[in-house]
Amino acid sequence: MIQKILFCIGLTVLIVSGSFAATITVSGGTGLQAAIDSANPGDTVEVTDSLTYAEDVLVNKDDLVLVCTAIDPATIEAQNNTLRGDLGQLIADLGAPSANDELGLYIEADGVTVDHFNIVNRTAGAGDNALGRACALNVHGSNNTVQNCAIIGPNNTNNDCAVQIGWGDISAGNLTQSTVATGRTCNNNTLDNCHFMGRQGVHLHDVVYEDFGATNPQPTMNGLISNSTFECVRRALETRGDIGWTFDNCTWIHPAATTTDSAIKSFGGSATYNNCRVHGAGHRISFQPGAGGGSDYPTTVMNNCIICAGQPGDNVILMDEGNYVFTNCIISASSGGSDPAMNFFNNGVLHCRPAQIDGSWGAGNNAALGATWSLDVDHCDIMGDGGPSANFATGIYIDNVPDFFNGNGPYPYLVTVRDSIILANQGIVVNAGEVIQQLFAVPGVNPSPGSTITVENNAVIDLFDPEAPKLGSQGRIQVDFSTNWTDGSSPALFPGNNLIDVDPEYIGNVLDCSNPDYATAFIYRNEQMSTYASDGGPIGSQGTPPVPPSSVDGWELYQ
């Protein structure tokens, strides 16, 4: 009996003592890694000054809190002279060009919080590890939070980035030469109130699966990036694989990306963007399925976003096979873009080009994709750049031609465009199976039946050239099914109740993309549009809730 009582008392003491987390303070610009090494899971390492800690920092204690309590953030600056953790071992096993991992602040744990730091890696070599990617912050774990930080990655090669998340289960890759036998899931990570700078911004994908192959299905990876700003030289955001992330209140501001280095480049997975803004000429957004991207089409949802971008002769948003939803968005090429006369393919502010992926990834990667891809545009303002140099600019362009690389596709689709305002020389163009836009035709390949197009309760107008023809080859709404279907049928088409060349009478300058209150430019006065939506309310990006005309003096909608 005595032995049992003593055991219970001892167990109680262990539980109580384990519930108290310690705080370890650090100052003077040294000793940060030593403090982390001495900490227990759940402890807090508190930096009390704003100095620079020139260390390769590894956080490998679960639930650790790493915080700077000074008014100005302290700086953690990588020195790139160590190999750390599982990824360090993997890099060593694969044969690193130099004896360092170049992973910056490296979190290999779960439940870690990093708060109020500058996280910097300026001295990394040219992708000098065996995985070919140097970064300022690397996260290999789940339920981690990085907040109130400026994260500055190296700027040497195309693969350098500020943040890398998602190495996944290393043991599942084709890495027989590695001694690393375990791996971590990378779910529910959060980046909040951060500023990303450097060559590239944030990479969200599993490099092991992408670069080294895997025998098991790719693991799911998800998380949240909120209240953050991307300002990068190349791709500000790149996602790959079967992942699902949410972006809330984020801004991509003047990244110097080109038509081939999109500001946002997505290869597969699913993502939701809420109240986000992409602002500045010289880049675009590109969504594609990719190798290892899951068993079905990727899904992208944009709610209440402002996309004001594009390259001359390019698109603003380019979409291959997938499921896409745009609600209450402003999508504009007013910064200079969307002139298909400069390209082999017609372009649009929103450009869907299914089957193009086949040339890049091969037919095998499309075999398991869903039977039908989709585009749903609801209560949006879409504006081409217009003007005499862009008299073919298109608001929404569906280019569903058979792929000229290997003859695959096109794939049936469901397209719905409703309650929106489209300003472009051509409003909506659907070329289903047309081969005129191809470099060369694919004989014997016809479109697949089963597509449905619904175009209703929109205002489609060419403010730039009101005298342009409303019908024919450059009409406001074109749906071309000139190619015969293999079974002799035609896709369902439901156009109706569209306003053609009815001016919304915007109260602001829709061409001034630099205006921080750009959304207010799309407030309009035209009373006819106040009740033209399918629900009886206003159309356009600011179309809810409806405002009764009688309640607005002089009919200035939404003011």
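Residues numbered from 1 in each chain as written. Predicted model: local features only at pLDDT ≥ 70, side-chain atom pairs only at ≥ 80, totals over all residues. Heavy atoms only, no water.

### Points about the overall build of the protein
Right, on to step 1. Looking only at helices and strands, one finds five helices and 42 strands in the protein.
Right, on to step 2. When the 559 residues of the protein are sorted by exposure, 56% land in the buried category.
Right, on to step 3. Sequence-distant contacts in the protein: of pairs separated by 6 or more residues, those separated by 24 or more amount to 73%.
Right, on to step 4. In the structure as shown, the protein presents an accessible area of about 20,900 Å², 51% of it carried by carbon and sulfur atoms. (Helix = DSSP H or I, 4+ residues; strand = E, 2+ residues; numbered from the N terminus. Buried < 20%, exposed > 50% of the residue type's maximum accessible area, 1.4 Å probe, protein only. Contact = heavy atoms within 4.5 Å. Areas by Shrake-Rupley, 256 points an atom, 1.4 Å probe, with all protein chains shown as cover.)

### Details of the pairing of strand S20 (residues 243-248)
Right, on to step 1. Alternating residues of S20 divide into Ile243, Trp245 and Phe247, all buried, and Gly244, Thr246 and Asp248, none buried.
Right, on to step 2. Where strand S17 (residues 221-226) meets S20, six bridges bridge the pair, whose relative direction is parallel. In the sheet register, Ser226 faces S20, and the bridge partner there is Asp248.
Right, on to step 3. Where S20 meets strand S23 (residues 270-274), five bridges bridge the pair, whose relative direction is parallel. The partner of Phe247 across the bridge, within S23, is Tyr273. (Pairing = 2+ DSSP bridges.)

### With respect to the environment of Cys308
Right, on to step 1. With respect to the helices, strands and loops of the structure, Cys308 is situated in strand S27 (residues 306-308).
Right, on to step 2. Placed 210 residues apart in sequence, Cys308 and Tyr518 show a C-alpha to C-alpha distance of 9.2 Å.

### As for the pattern of salt bridges
Right, on to step 1. Applying the stated criterion across every chain, the model contains four salt bridges.
Right, on to step 2. As a salt-bridge pair, Glu238 and Arg235 come within 2.9 Å of each other at their nearest N and O atoms. Of the two residues examined, Glu238 and Arg235, each falls in the buried class.
Right, on to step 3. The partner of Glu456 in a salt bridge is Arg418, and the shortest N-O contact between them spans 2.8 Å. Of this pair, Glu456 sits in strand S38 (residues 452-456) while Arg418 sits in strand S35 (residues 413-418), and the two are 38 residues apart along the sequence. (Salt bridge = Lys/Arg side-chain N within 4 Å of Asp/Glu carboxyl O.)

### Regarding unusual backbone geometry
Right, on to step 1. Despite not being glycine, Asn227 shows a phi value in the positive range, around 50°.
Right, on to step 2. You will see that Asp419, though not glycine, has its phi angle at about 55°, which is positive.
Right, on to step 3. Inspection of the secondary structure puts Asp419 in the loop between S35 and strand S36 (421-423).
Right, on to step 4. Of the residues examined, Asp419 reaches a relative accessible area of 1% and is grouped as buried.

### Some details on the packing of aromatic side chains
Right, on to step 1. Scanning the model with the defined rule gives nine aromatic pairs in all.
Right, on to step 2. Each ring, one from Tyr273 and one from Phe287, has its centre 6.4 Å from the other, and the planes form 55°; the classification is tilted. With Tyr273 in strand S23 and Phe287 in strand S25 (residues 285-288), this pair connects stretches of sequence that are 14 residues apart.
Right, on to step 3. Both rings, one in Tyr506 and one in Phe522, keep their centres 5.1 Å apart while their planes meet at 75°; by these two values the pair is edge-to-face. One end of the pair, Tyr506, is in the segment after strand S42 (499-500); the other, Phe522, is in the segment after S42, and 16 residues separate them in sequence.
Right, on to step 4. Given the relative accessible area of 1%, Phe522 is considered buried. (Phe/Tyr/Trp six-rings, centres within 6.5 Å; stacked < 30°, edge-to-face > 60°.)

### Some remarks on helix H3 (residues 85-94)
Right, on to step 1. Those residues of H3 that fall on the buried side of the exposure criterion are Leu87, Gly88, Leu90 and Ile91. Along the long axis of H3, the arc covered by the buried residues comes to 160°, so they all point the same way.
Right, on to step 2. Of the residues one or two after H3, Gly95 is the one with positive phi, at around 95°. (Arc of directions from axis to C-beta.)

### Quick notes on the pairing of S17
Put simply, side chains in a regular strand alternate between the two faces of the sheet.
Right, on to step 1. Note that strand S14 (residues 189-192) and S17 share four bridges and pair parallel. Bridging from a neighbouring strand, Asp192 pairs with Ser226 of S17.

### As for the confidence of the model for the protein
Right, on to step 1. Summarising the model, the protein shows a mean pLDDT of 74, and 63% of its residues fall at 70 or more.
Right, on to step 2. For residues 481-490, every residue scores under 50 in pLDDT, and the model assigns this stretch 21 contacts once sequence neighbours within four places are set aside.
Right, on to step 3. pLDDT under 50 marks residues 545-559. Its contacts with residues more than four places away, or in other chains, come to 31 contacts. (pLDDT = per-residue confidence, 0-100.)

### Comments concerning the nonpolar core
Right, on to step 1. Core analysis: the biggest nonpolar cluster contains 86 residues, and Ile151, Tyr273, Ile317, Phe326 and Leu375 have the highest contact counts within it.
Right, on to step 2. Contact partners of Tyr273, with chain neighbours within four places excluded, come to Leu237, Phe247, Trp252, Ile264, Phe287, Thr300, Val301, Met302, Asn303 and Cys305.
Right, on to step 3. Counting residues in hydrophobic clusters, the runner-up holds 20 residues, among them Leu423, Ile461, Val502 and Cys513. (Core = buried A, V, L, I, M, F, W, Y, C linked by side-chain atoms within 4.5 Å.)

### So, the environment of Asn425
Right, on to step 1. Structurally, Asn425 can be placed in the loop between S36 and strand S37 (426-431).
Right, on to step 2. Of the residues examined, Asn425 reaches a relative accessible area of 4% and is grouped as buried.
Right, on to step 3. Spatially, the C-alpha atoms of Asn425 and Gly384 are 7.4 Å apart, while their sequence positions differ by 41 residues.

### Comments concerning the state of the cysteines
Right, on to step 1. For the structure on display, the rule yields zero disulfides.
Right, on to step 2. Here Cys250 stays free of any disulfide, with the sulfur of Cys276 as its closest cysteine sulfur at 4.8 Å.
Right, on to step 3. We classify Cys250 as buried; its relative accessible area is 1%. (Disulfide = S-S within 2.5 Å.)

### What about the side chain of Asp43?
Right, on to step 1. Tracing the backbone through its elements, the reader meets Asp43 in the loop between helix H2 (32-38) and strand S2 (44-47).
Right, on to step 2. One buried charged side chain, Asp43, makes no salt bridge at all; its nearest oppositely charged neighbour is Lys61, positioned 7.4 Å away.
Right, on to step 3. Among the polar contacts listed, one links the side chain of Asp43 to the backbone nitrogen of Ala22, at a separation of 2.9 Å.
Right, on to step 4. Here Asp43 is in contact with Ala21, Ala22, Asp63, Leu64 and Val65, once residues within four sequence places are set aside. (Lys, Arg positive; Asp, Glu negative; His and termini not counted. Polar contact = N/O pair within 3.5 Å; in protein donor to acceptor, adjacent residues only side chain to side chain.)

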